[in-house]
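Working through the structure, step by step
Residues per chain are reported as follows:
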Amino acid sequence: PGIILEYQLRDQSTEMKEIDLLQLTPEVDVDVIVNQIVFEEPLITESRKPYLRRLIYKLIEKLENNESSDYFLFKILRAHILPLTNCAFNKSGDRFITGSYDRTCKVWNTIQGDELLTLEGHRNVVYAIAFNNPYGDKIITGSFDKTCKLWNSETGQLYHTYRGHATEIVCLQFNPQGTVIATGSMDNTARLWDVESGECLHTLLGHTAEIVSLDFDTQGQRMITGSFDNTVKVWDVRNGRCIHTLSGHQGEISSCQFNYSSDLCISGSIDRSCKVWDLQSGSCIHTLRGHNDEILDVSFNTTGSKLVTASADGNARVYNTMTGACLNVLAGHEGEISKTTFNPQGSRILSASADKTARLWDVESGECLQVFEGHTDEIFSCAFNYEGDTIITGSKDNTCRIW
């Protein structure tokens, strides 16, 4: 949760500034927060207090949303003829995209369940896909044909085809500003590309095996890459230099992520552990153990105070980031969990499993609140929209379900 200020300079240009309210909870005293913001932020004058108060109440309302309500099956979409590889929401959740072995990416309307666009042009599997959230006007697709393509999400127009990788592209992301694209490949390199010009800005060299996971920090100044060489590397986006190599895992990295304040990152490995790293020093703060099979996915909550690990042992585990203590074991799936994520409010965790179900868990109690049944093959992808009131699941049965 947070507030964005837009203000005008003397030369009539507008600037933006974010005020983060990471500690906001429904129990807080709103007047105390309002007074604190006005005291600390010279841009906000006393006369703006009533408006600020309304905004904070609105944020609290969003935090309280969906605490008790169950999700129900809203739509089943037979998305592609060949298996799906991935699905992702735009920020508002009114559109989502699916990638497939049929070499296309499709854009869908969430409410009607209608197919809006088919993005065609890749010569092999479309494996990794993303919107440029929060804007949502562009889409990137990474393919086994070694290229990444940039599209207009409204019209389907192809802007650029980024060429340079020697083998398959398996992970990609826009930076938070939407100006730079990162791609990670089986050729052991990651590349940074300019959205506007289509040029390759930097090739990130140093890993000795495939790169399977990457993430930009909140400011878009650094990036991490997780590799099958058992390490995570931290890169300076501006010059393409490696700042740290985070080594210590005894097996391939499956997933890595920054926390919101970007002073820490986590890495999950097939060595069954998750490590929490201090990015200032490049040192490991915690090694989180407890799983008895490979860790396939790791994820922070929005504020970074907790993290969840998903494993081939069929369990997910919730940890306190600062202490490294295991808070809950989410047990109930009968197959490996390949994907897990917190809802935006941080109160729920969603997990997707090879047992053909997804599950919704209460973060505090570890209790399973809901089982999403109906897919006829393993679920490999699940996501919340930005509000946290809609869920998408993608399965090897070639369908997406909206809940």
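For the structure, see preceding data.
Reference entry: report on the structure contained in this document. Note that this is a predicted model, so its numbers are computed, not measured.

A few points about the state of the cysteines
All told, the structure shown has 0 disulfides when counted by the stated rule. Between Cys 400, a cysteine without a disulfide, and Cys 87, which holds the nearest cysteine sulfur, the sulfur-to-sulfur distance is 4.5 Å.

Here we look at helix H1 (residues 30-40)
Those residues of H1 that fall on the buried side of the exposure criterion are Val 30, Ile 33, Val 34, Ile 37 and Val 38. One side of H1 holds all its buried residues, which, seen down the axis, span an arc of 130°. Pointing more than 90 degrees away from the buried face of H1 are the exposed residues Phe 39 and Glu 40. Those residues of H1 hidden inside the fold are in contact with strand E2 (14-20) and helix H2 (49-64). The residue sitting at the N-terminus of H1 and contributing the capping side-chain oxygen is Asp 29; that oxygen lies 3.0 Å from the backbone nitrogen of Asp 31.

Digging into the sheet that holds strand E7 (residues 115-119)
On the basis of which strands lie adjacent, the open sheet formed by 4 strands has the order E4-E5-E6-E7 and antiparallel pairing. Unpaired on one side and paired on the other, strand E4 (84-89) and E7 mark the two borders of the sheet. When strand polarity is set aside, the average angle formed by the axes of neighbouring strands in this sheet is 20°. Where E4 meets strand E5 (residues 95-100), 5 bridges bridge the pair, whose relative direction is antiparallel. Following the sheet pairing, Leu 84 is matched in E5 by Ser 100.

A closer look at the pairing of strand E9 (residues 138-143)
Among the 6 residues of E9, 6 are classified as buried, and the element is accordingly described as predominantly covered. Burial of the side chains of E9 extends over both faces: Lys 138, Ile 140 and Gly 142 are buried on one face and Ile 139, Thr 141 and Ser 143 on the other. Relative to E9, strand E8 (residues 126-131) is paired through 5 bridges, and the arrangement is antiparallel. What sits directly across from Ala 130, in E9, is Ile 140. The hairpin turn running from E9 into strand E10 (residues 148-152), its antiparallel successor, is 4 residues long, and Lys 146 in that turn takes a positive phi close to 80°.

Details of the packing of aromatic side chains
Across all of its chains, the model carries 8 aromatic pairs by this definition. One aromatic cluster is present, formed by Tyr 71, Phe 372, Phe 384 and Trp 403 through successive ring pairs. The positively charged end of Lys 75 is found above the aromatic ring belonging to Phe 74, 4.8 Å away from the centroid. Over the ring of Tyr 386 we find Lys 91; its NZ or CZ atom is 4.4 Å from the centre of that ring.

A few points about the nonpolar core
Ile 3, Leu 21, Leu 24, Ile 37, Ile 44, Leu 52 and Ile 56 are the most contacted members of the largest nonpolar core, which totals 16 residues. If you list the elements that add at least two residues to this core, you get strand E1 (2-8), H1 and H2. Excluding residues within four positions of it along the chain, Ile 3 makes contact with Lys 17, Glu 18, Ile 19, Leu 21, Leu 52, Leu 55, Ile 56 and Leu 59. By size, the runner-up hydrophobic cluster in this structure holds 13 residues, among which are Val 180, Ala 182, Phe 216 and Trp 235.

Structural notes on the pattern of salt bridges
Summed over all chains, the structure comprises 11 salt bridges. Across the salt bridge formed by Glu 364 and Lys 306, the nearest N and O atoms sit 3.4 Å from each other. On the criterion of sequence distance, the pair formed by Glu 364 in the loop between strand E30 (358-362) and strand E31 (368-372) and Lys 306 in strand E25 (residues 306-311) is long-range, its members being 58 residues apart. Taking relative accessible area as the criterion, Glu 364 reaches 61% and is therefore assigned exposed. You can call Lys 306 buried: its relative accessible area is 18%. Glu 378 is the partner of Lys 396 in a salt bridge, and the nearest nitrogen-oxygen pair spans 3.4 Å. Note that Lys 396 is positioned in the loop between strand E33 (391-395) and strand E34 (399-402) and Glu 378 in the loop between E31 and strand E32 (379-384), a separation of 18 residues in sequence. Overall, the relative accessible area of 41% leaves Lys 396 in the partly exposed class.

Thresholds applied
Residues numbered from 1 in each chain as written. Predicted model: local features only at pLDDT ≥ 70, side-chain atom pairs only at ≥ 80, totals over all residues. Heavy atoms only, no water. Disulfide = S-S within 2.5 Å. Buried < 20%, exposed > 50% of the residue type's maximum accessible area, 1.4 Å probe, protein only. Helix = DSSP H or I, 4+ residues; strand = E, 2+ residues; numbered from the N terminus. Arc of directions from axis to C-beta. Contact = heavy atoms within 4.5 Å. Polar contact = N/O pair within 3.5 Å; in protein donor to acceptor, adjacent residues only side chain to side chain. Pairing = 2+ DSSP bridges. Axes fitted to C-alpha atoms, helices over the stretch in contact; angles between N-to-C directions. Phe/Tyr/Trp six-rings, centres within 6.5 Å; stacked < 30°, edge-to-face > 60°. Lys NZ or Arg CZ within 6 Å of the ring centre and 35° of its normal. Core = buried A, V, L, I, M, F, W, Y, C linked by side-chain atoms within 4.5 Å. Salt bridge = Lys/Arg side-chain N within 4 Å of Asp/Glu carboxyl O.

These results come straight from atomic positions and should not be treated as a statement about function.
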